[in-house]
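Survey of secondary and tertiary structure
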Amino acid sequence: MPTSADTWRRRKPGPARPVPSPTASVGTGVGIKGRLLARGTTWPTAGEGLKGRLLLRSMVAALALAALVAALAVYPLRGHWLAPLLLCYVGLLCWRPALWLLLLPALLPAVDLAPVTGWFFLEEIDLLLLATVACCTVRLPHEESALPAWAPWFRFGMVLMTIACLAGLWRGLQPWPSLAALHDPNAFSQYVSPFSAVRIAKAWLWTLLLLPLLRRTAGPQLQRLASHFVPGMLAGLLLVSGAAVQERVLFPGLLNLSTDYRITAPFSAMHTGGAALDGYLALCTPLAALWLHQARRWWQALAGLGLLGLALYAGLATFSRGLYAAYAVSLLVVAAGWRLATPPMPGRSRRLTAAFALLLVAAAAAAFHDSYYVEQRFASTAADVDHRRQHWREVLAMMDDDDVTTALGMGLGKFPSVYYWRNHGQETPPGYQYLDKEDDRYLEASNRGGNVPGDRVHGDRFHGGRFLRLSAGQYNAGFGELLRIWQTVPLIAGREYQLAVDVRTASPMAFLHLRLCERQLLYPIHCIAVPLRRLSARPDWQQLRLNFNAGKLGSRRAPVRLELAAEGQHAVVDVDNVSLRLMPDDRELLRNGDFTEANDYWFFSSDRHHLPWHIKNLALNVYFEMGWLGLLAVAALALGTSALLLGRALNRPRAFDAAAWLAALIGLQVVGLFDSLVDVPRIALLTMLVLGAASLRPSHVLPSTRRPVMPGSSQRGKK
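All of the points below concern the structure found in this document. (Residues numbered from 1 in each chain as written. Predicted model: local features only at pLDDT ≥ 70, side-chain atom pairs only at ≥ 80, totals over all residues. Heavy atoms only, no water.)

Some points on the state of the cysteines
All told, the structure shown has 1 disulfide when counted by the stated rule. Between Cys-517 and Cys-527 runs a disulfide, and the two sulfur atoms are separated by 2.0 Å. Here Cys-517 and Cys-527 share a disulfide; its torsion about the S-S bond, 120°, makes the bridge right-handed. Remark: Cys-527 occurs in strand E9 (residues 524-529) and Cys-517 occurs in strand E8 (residues 511-519); sequence separation between them is 10 residues. (Disulfide = S-S within 2.5 Å. Helix = DSSP H or I, 4+ residues; strand = E, 2+ residues; numbered from the N terminus.)

See below:
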């Protein structure tokens, strides 16, 4: 059987051209290698280079494995299904390492347990990514001869982005925290913490670790992008769209389009607003059109149409005008690519599929066009744009006025703390702290009668450990949005419960909101609340107690949360020993009710006031955090990839593939006109993976006659 190399040689007749040898010199009879050997220099071999790469990859894998073990030792794993999922994921990667390119894009947007665990610095995606690097770095094939390559501009953009991120991380951590700060319970539980810089920077670190794996997995002709990466992205889109539909069913109702309820689906980062869901849908929905274009069987086309319908509904149900604009622009780009492309499916099937897809788009748009809330949203567009522009001007005014900041930015993750101290409205956003008794200045100031600070006893409970301090926001209008601390509880409908909490305050006008509600992330319904009353200003702890029947609360699949929030002018409320017991069993349902483990199982949300946490513009966010250097890096990556895809789109055999990728990136940038996006690490990482996949060029080097075998694969190369 002739090999591909033999065939290629027969197609290129003529005398063989001599291959220059390392021992042959130019213009002399002494070879370069000979001169080096005469001087005692060791000539490196290809085997030595491979050994060096293997050693480096083994070190990276070992570090990732050690980090994974350390993370699992501190991560709160009780009460959810992450541990078995992680175990199955690792098993699949050990069996078929190339499956990471299918599984990871599907799991990244969907596996988000922060509302249950309370952790949003070290997340579930970090555990998955550590497992990916540990398994795949050494398990993927090591052959380098026929790998696809990135264009020089992409490598240039990645170098610039790496420098910009390192500078942003350094500036974001300023003033440099001491080692003792690592033990502060607030270090990894608040956005105003300097360690928020690490939370943002980890997206770029994961990018640097995953891009080499992407290049090694994609295949010489990028065949695994079509067989693994695109299906993985679409599986993630299916999971996210399904979560959005489920949220609509459980809360406002599937067809209730008149309320102002806005879905968040699985994205916990939207607990302070933002557009993580909008950006994700804009990035992934055009890839459903790519699946439709490549469908060769009726069931593939039917599955693609169903997914497209779900994604359209999820996107329109966000009521986001930026996402509506992104959908419109993406549709135009996809339509142009469809027109130019050489169809893989028969002409009649292609036209029928396109007609059904357009019908879906038109039907969804018509249904939401008549919505009262959509009309309200578009009627207020001019006022909202003016408000957003005012916010952008204030963001620029909050930056330091010096050349270093202009070049390198204020630092990664700095905006929430900068807004807290420098916002022009002189407003103080609500906040919270976890305090230990040695940090309790309240009792030191209040207990002048000889009691030991922090050792106040209430009933049979000792108040000498950690507690939660809630600070109400201060607004020019005298009132404003509450910040709610909450925990998910397993309530059973119709049962009796006892709710108790210890509180204290020195504020003359302080209130504590204490209630149980059905809540996905932002908007609560069906609440049972402790009657609201002004708390007595005194130094000792008071206990609030409520015996109640759950009624219908807990009868549905909607999550039930126990919520705490402080309200009042200059109100500061301390909270401890939160308890929810099932009666008459007297079984405790809350975890970490005494806040000993800080934010474990406690999460927070701000339902409607989101400007203290988000800049609300992608380019301005990059400039604020990384300066002109960051903007130049983003421009090199985005514009370079777009130019490459545009060139491919004009090449008819590959027109539609390129048009779909281009539509995805343009749609994301349209959403980025009105939101930050990259302040959500999983969105930033997915965006970089899409940029990397779209920027890969097929290898022009002929593969070896023996096909490389994936470790763990049962297939063997043939001569």
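Remarks on helix H12 (residues 298-316)
Along an α-helix, a turn takes 3.6 residues, which lines up residues three or four apart on a common side. When the terminal C-alpha atoms of H12 are compared, their 27 Å separation across 19 residues agrees well with the 27 Å that a helix rising 1.5 Å per residue should span. The complete set of buried residues in H12 reads Gln-300, Ala-301, Gly-304, Leu-305, Leu-307, Leu-308, Ala-311, Leu-312, Tyr-313, Ala-314, Gly-315 and Leu-316. (Expected span 1.5 Å × (residues − 1). Buried < 20%, exposed > 50% of the residue type's maximum accessible area, 1.4 Å probe, protein only.)

Some details on the packing of aromatic side chains
Counting across every chain of the model gives 29 aromatic pairs. Plain terms: the ring middles of Trp-170 and Trp-176 are 5.0 Å apart, the flat faces sit at 35° to each other, and that makes the pair tilted. With 6.2 Å between their ring centres and 45° between their planes, Phe-603 and Phe-604 make a pair best called tilted. Take Phe-603 and Phe-604: they sit in the same class, and that class is buried. An aromatic cluster is present here, built from Phe-120, Phe-121, Phe-188, Tyr-191, Phe-195, Tyr-432, Tyr-434, Trp-486, Phe-595, Trp-602, Phe-603 and Phe-604 joined pairwise through their rings. Directly above the ring of Phe-467 sits Arg-504, whose terminal nitrogen or CZ lies 5.1 Å from the centroid. Stacked on the ring of Tyr-601, the Lys or Arg Arg-591 has its end atom at 5.2 Å from the ring centre. (Phe/Tyr/Trp six-rings, centres within 6.5 Å; stacked < 30°, edge-to-face > 60°. Lys NZ or Arg CZ within 6 Å of the ring centre and 35° of its normal.)

As for the side chain of Arg-561
Following the sequence through the fold, Arg-561 ends up in strand E11 (residues 560-567). No salt bridge is formed by the buried Arg-561. Its closest oppositely charged neighbour is Glu-563, at 7.0 Å. From its side chain, Arg-561 meets the backbone oxygen of Arg-519 in a polar contact 3.0 Å long. At a separation of 2.7 Å, a polar atom in the side chain of Arg-561 contacts the main-chain carbonyl oxygen of Gln-520. If sequence neighbours within four positions are ignored, Arg-561 has contacts with Pro-115, Trp-486, Gln-487, Thr-488, Arg-515, Leu-516, Cys-517, Arg-519 and Gln-520. (Lys, Arg positive; Asp, Glu negative; His and termini not counted. Salt bridge = Lys/Arg side-chain N within 4 Å of Asp/Glu carboxyl O. Polar contact = N/O pair within 3.5 Å; in protein donor to acceptor, adjacent residues only side chain to side chain. Contact = heavy atoms within 4.5 Å.)

Let's talk about the nonpolar core
Of all hydrophobic cores here, the largest spans 190 residues; its most connected members are Trp-100, Leu-516, Val-575 and Leu-580. The greatest single-element share of this core, amounting to 13 residues, is contributed by helix H21 (residues 655-671). When residues no more than four places from it in sequence are discounted, the contact partners of Val-575 are Phe-467, Leu-468, Leu-470, Val-501, Asp-502, Val-503, Leu-512, Trp-541, Leu-564 and Phe-595. In this structure, Trp-392, Met-398, Tyr-419 and Tyr-623 belong to the second largest nonpolar core, which totals 12 residues. (Core = buried A, V, L, I, M, F, W, Y, C linked by side-chain atoms within 4.5 Å.)

So, the packing of helix H7 (residues 124-139) against helix H9 (residues 196-218)
If you want to describe how two helices pack, look at the angle between their axes and the distance between the axes. For the pair H7 and H9, the least separation of the axes is 11 Å and the interaxial angle reads 35°. Both H7 and H9 take part in a crossing whose hand is left-handed. Contacts between H7 and H9 involve Asp-126, Leu-129, Leu-130, Thr-132, Val-133, Cys-136 and Thr-137 from the former and Lys-202, Trp-206, Leu-209, Leu-210, Leu-213 and Arg-216 from the latter. Along the lines of polarity and charge, the residues of the contact of H7 with H9 split into 8 nonpolar, 2 polar and 3 charged. (Axes fitted to C-alpha atoms, helices over the stretch in contact; angles between N-to-C directions. Left-handed = near helix turned anticlockwise from the far one by under 90°. Nonpolar A, V, L, I, M, F, W, Y, C, P; charged D, E, K, R; others polar.)

A few points about the packing of helix H10 (residues 223-250) against H12
Where H10 meets H12, the axes come as close as 9 Å, and the angle between the chain directions of the two elements is 50°. In terms of axis orientation, H10 runs oblique to H12. The handedness of the crossing between H10 and H12 comes out as left-handed. Every residue of H12 that contacts H10 at Leu-234, Leu-237, Leu-238, Ser-241, Ala-244, Val-245 and Arg-248 is listed here: Leu-307, Leu-310, Ala-311, Tyr-313 and Ala-314. Among the residues making up the contact of H10 with H12, the classes are represented as 10 nonpolar, 1 polar and 1 charged. (Parallel < 35°, antiparallel > 145°, perpendicular 65-115°, else oblique.)

A look at the sheet that holds E8
If you trace the 5 strands from one edge of the open sheet to the other, you get E9-E8-E11-E6-E14, paired in antiparallel fashion. Every interior strand has two partners, whereas the edge strands, E9 and strand E14 (603-606), have only one. Shown here is a sheet whose adjacent strand axes are inclined to one another by a mean of 35°, direction ignored. Pairing analysis gives 4 bridges linking strand E6 (residues 483-489) to E14, with the strands arranged antiparallel. Residue Trp-486 lies in a different strand from E14, and its bridge partner there is Phe-603. (Pairing = 2+ DSSP bridges.)

Describing helix H16 (residues 381-398)
The end-to-end C-alpha separation of H16 is 26 Å, in line with the 26 Å expected for 18 residues at 1.5 Å each. Within H16, the full set of buried residues consists of His-391, Trp-392, Glu-394, Val-395 and Met-398. The arc that holds the buried residues of H16, viewed along the axis, is 165°, so those residues lie on one side. Buried-residue contacts for H16 involve helix H18 (415-422) and helix H20 (618-649). (Arc of directions from axis to C-beta.)

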